[in-house]
Amino acid sequence: MHFYIRCVDKPEHLAVRKANRDAHLAYIKDGFADRIVAAGPTLDPDLEGMNGSVFIIEFDTQAEAEEFAANDPYGKAGLFESVIIRPFKKVF
C-alpha cells in the first residue's frame, strides 16, 4: 500500500535541515529507495528555500510508515513542526 507523508519544517530551522541532509539522504537511499514512488522537499514561494518534505512510499502497514518517519534523521533532529501520514491510492 502507498502512503503519503507530509512533513512541515519548524520556522527558522533551515540550518537543522542542512546539517542533517546527508544523513537523511543516506537513510532514504540505503533502506527505502526501492519503495519510493515520489519524494522531495517542498519549496518556499521564491523556489529557493526548502520548508518541508513529501513522500509517496510503499509500506505494508501504517505502523511501518510511522516508524519510517520517526527514524528519519530530520525527524530525530527536531526539524519537523508536523508530520501527516495517510494511506494513498494511486490513480494516475
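To be clear, the structure that these remarks concern was listed above.
I will try to describe carefully the structure that is included in this document. From a predicted model like this one, the values you see are computed outputs, not experimental measurements.

Section: the packing of aromatic side chains
Inspection of the entire model under this criterion finds seven aromatic pairs. Judged by centre distance (5.6 Å) and plane angle (20 degrees), the ring pair of Tyr27 and Phe68 falls under stacked. One end of the pair, Tyr27, is in helix α1 (residues 14-31); the other, Phe68, is in helix α2 (residues 62-71), and 41 residues separate them in sequence. Both residues of the pair, Tyr27 and Phe68, belong to the buried class. Note on Phe32 and Phe68: the rings are 4.8 Å apart at their centroids and 75 degrees apart in plane angle, and the pair reads as edge-to-face. Residue Phe32 is located in the loop between α1 and β2 (36-43), and its partner Phe68 is located in helix α2; the two are separated by 36 residues in the primary sequence. A single burial state applies to Phe32 and to Phe68, both of which are buried. Chaining the aromatic ring pairs together yields one cluster made of Tyr27, Phe32, Phe55, Phe59 and Phe68.

Description of unusual backbone geometry
Located in the positive-phi region is Glu12, a residue other than glycine, with phi close to 60 degrees. Its location among the elements puts Glu12 in the loop between β1 (2-9) and α1.

Description of the environment of Ala65
Considering the arrangement of structural elements, one finds Ala65 in helix α2. Taking the C-alpha atoms as reference points, Ala65 and Arg6, 59 residues apart in sequence, are found 12 Å from one another.

Quick notes on the sheet that holds strand β4 (residues 80-88)
Spatial strand order, β2-β3-β1-β4: four strands in an open sheet with antiparallel pairing. The open sheet terminates on both sides in strands that have one partner only, identified here as β2 and β4. Averaged over all adjacent pairs, the angle separating strand axes in this sheet is 10 degrees, with direction ignored. On the sheet, α1 packs against β1, β2, β3 (50-58) and β4 and is oriented at approximately 20 degrees with respect to β3.

Basis of the calculations
Residues numbered from 1 in each chain as written. Predicted model: local features only at pLDDT ≥ 70, side-chain atom pairs only at ≥ 80, totals over all residues. Heavy atoms only, no water. Phe/Tyr/Trp six-rings, centres within 6.5 Å; stacked < 30°, edge-to-face > 60°. Helix = DSSP H or I, 4+ residues; strand = E, 2+ residues; numbered from the N terminus. Buried < 20%, exposed > 50% of the residue type's maximum accessible area, 1.4 Å probe, protein only. Pairing = 2+ DSSP bridges. Axes fitted to C-alpha atoms, helices over the stretch in contact; angles between N-to-C directions. Contact = heavy atoms within 4.5 Å.

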